[in-house]
Amino acid sequence: MRLTDLARLVRAPAALSVPGDVIAGAAAAGRPLSTRTLGVIGSSICLYWAGMALNDYADATVDAVERPDRPVPSGRVPRRTALAVAGSLTAAGLVLAAAAGGRRSLLGALPLAGLVWAYDLKLKHTQGGPAAMAGARTLDVLAGALTPGPGAPSVREAVRRTAVPAALIGTHTYTLMALSRHEIAGAPARVPATTLAVSTATALAATLPPDTSSAKLRPTLSAAGALAYLATYGAAQARAVQEPSGANVQRAVGAGIVGLMPLQAALTARAGAPGVAAALGVVHPLARRLARRISPT
């Protein structure tokens, strides 16, 4: 078993889409980036990778038919190893959350871990699957807002402040999951058409300022992030509308995973953290390049 096989198992580059959830939540709650925030980001990445490994453990039989080149069905990674990786990364994620923010950070990490495991082992192939995964991303945004420290808002206030970014990132994730169910056989054209309409509305909502006192730089960066989001995820969905084959739908899902980053940047700029938003925008091209080497789907 090689390191590259483990990287493919957890879809390593796709984890670049995770820090922006926490950062957008922290910015919305008025929390500065700190070592605590970095610890929460590390926790979320571990839980994301755990979910990817657990996904391949749970889908080993299906993947043997539909995706035989994946690490588990190909035999490059034993199925029991995938489960062990998922368990170890989940434990690491919870430990990091506790170290970063104690019980307050565990308020976000524990339900997130539970939802990840419930999705992979039970909910994925049910009607509740897309909502469960959207809920996981929503909790990830909230995790950033719950970062403790001087001046930290109450839990209730943190939830209130992150309502918009959490809802928009959750909505984006729901569209991804709706598309991902058609990666193999293709989709009716109405499916990518509907998700494209929702993504367009999501991008527009991300540009709306939270108040009337926003400086010019804030809406400019929000608009730039929203346009980049539509240029990647939106364009891929448009191609799937024209030709809704399995290959085009899979490309749209991959574009949506890394395309989440400019949406996170738009929301971070909207909350008044333009410097961090610009950094997220710079990382996006790197994520797209890495996704060509290791599929994020």
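What you see is a predicted model; the values in this text were computed from it and never measured.

Rules behind the numbers
- Residues numbered from 1 in each chain as written.
- Predicted model: local features only at pLDDT ≥ 70, side-chain atom pairs only at ≥ 80, totals over all residues.
- Heavy atoms only, no water.
- Core = buried A, V, L, I, M, F, W, Y, C linked by side-chain atoms within 4.5 Å.
- Buried < 20%, exposed > 50% of the residue type's maximum accessible area, 1.4 Å probe, protein only.
- Helix = DSSP H or I, 4+ residues; strand = E, 2+ residues; numbered from the N terminus.
- Contact = heavy atoms within 4.5 Å.
- pLDDT = per-residue confidence, 0-100.
- Salt bridge = Lys/Arg side-chain N within 4 Å of Asp/Glu carboxyl O.
- Axes fitted to C-alpha atoms, helices over the stretch in contact; angles between N-to-C directions.
- Parallel < 35°, antiparallel > 145°, perpendicular 65-115°, else oblique.
- Left-handed = near helix turned anticlockwise from the far one by under 90°.
- Nonpolar A, V, L, I, M, F, W, Y, C, P; charged D, E, K, R; others polar.

*Asks:* Help me understand the nonpolar core in this model?
*Replies:* It is characteristic of soluble globular proteins that their nonpolar side chains tend to be buried jointly. Among the nonpolar cores identified, the biggest contains 53 residues, and Leu9, Leu179 and Leu267 are the most heavily contacted of them. Top contributing element to this core by residue count: helix 11 (residues 246–270), with 11 residues. Core analysis: the second largest hydrophobic core is formed by six residues, Leu47, Val116, Ala136 and Leu139 among them.

*Asks:* Help me out: how do you make sense of the environment of Leu47 in this one?
*Replies:* Assignment of secondary structure puts Leu47 in helix 3 (residues 35–58). For Leu47, a relative accessible area of 3% corresponds to the buried category. Between the C-alpha atoms of Leu47 and Gly114, which are 67 residues apart in sequence, the distance is 9.9 Å. In this view, Leu47 contacts Leu89, Thr90, Gly93, Ala109, Leu112, Ala113 and Val116; residues no more than four positions away in its chain are not counted.

*Asks:* How should I be thinking about the confidence of the model for the protein chain in this particular structure?
*Replies:* Atom-level detail of predicted coordinates should not be read off regions where pLDDT is low. Residues with a pLDDT of 70 or more make up 97% of the protein chain, whose mean pLDDT is 91. Of all helices and strands in the protein chain, the one with the weakest mean pLDDT is helix 12 (residues 274–291) (85), whereas helix 3 scores best (96).

*Asks:* Explanation requested: the pattern of salt bridges in the structure shown.
*Replies:* Tallied over the full model, the rule gives 13 salt bridges. For Asp5, the salt bridge goes to Arg2, with nearest N and O atoms at 3.6 Å. The salt bridge involving Asp120 is made with Lys124; its shortest N-O contact spans 3.8 Å. The exposure classification of Asp120 matches that of Lys124, with both residues buried. One continuous salt-bridge network, built from bridges that share partners, spans Arg11, Asp56, Asp63, Glu66, Arg67, Arg70 and Glu183.

*Asks:* Any chance you could explain unusual backbone geometry here in plain terms?
*Replies:* What is expected of a backbone is that most residues other than glycine have negative phi and most peptide bonds are trans. For Arg11, which is not glycine, the phi torsion reads 50° and is therefore positive. Note that Arg11 resides in the loop between helix 1 (3–9) and helix 2 (19–28). Judged by its relative accessible area of 3%, Arg11 is buried.

*Asks:* Mind showing me how you'd approach the packing of helix 5 (residues 79–123) against helix 6 (residues 129–145) here?
*Replies:* How two helices pack is summed up by the angle between their axes together with the distance between the axes. Where helix 5 contacts helix 6, the axes come no closer than 9 Å and their chain directions differ by 165°. Taken together, helix 5 and helix 6 sit at an angle that is classed as roughly antiparallel. Judged by the twist between their axes, the crossing of helix 5 over helix 6 is left-handed. Contacts between helix 5 and helix 6 pair Arg104, Pro111, Leu112, Leu115, Tyr119 and Leu123 from the former with Gly129, Ala132, Met133, Gly135, Ala136, Leu139, Asp140 and Ala145 from the latter. In the contact of helix 5 with helix 6, the residues fall into 10 nonpolar, two polar and two charged.

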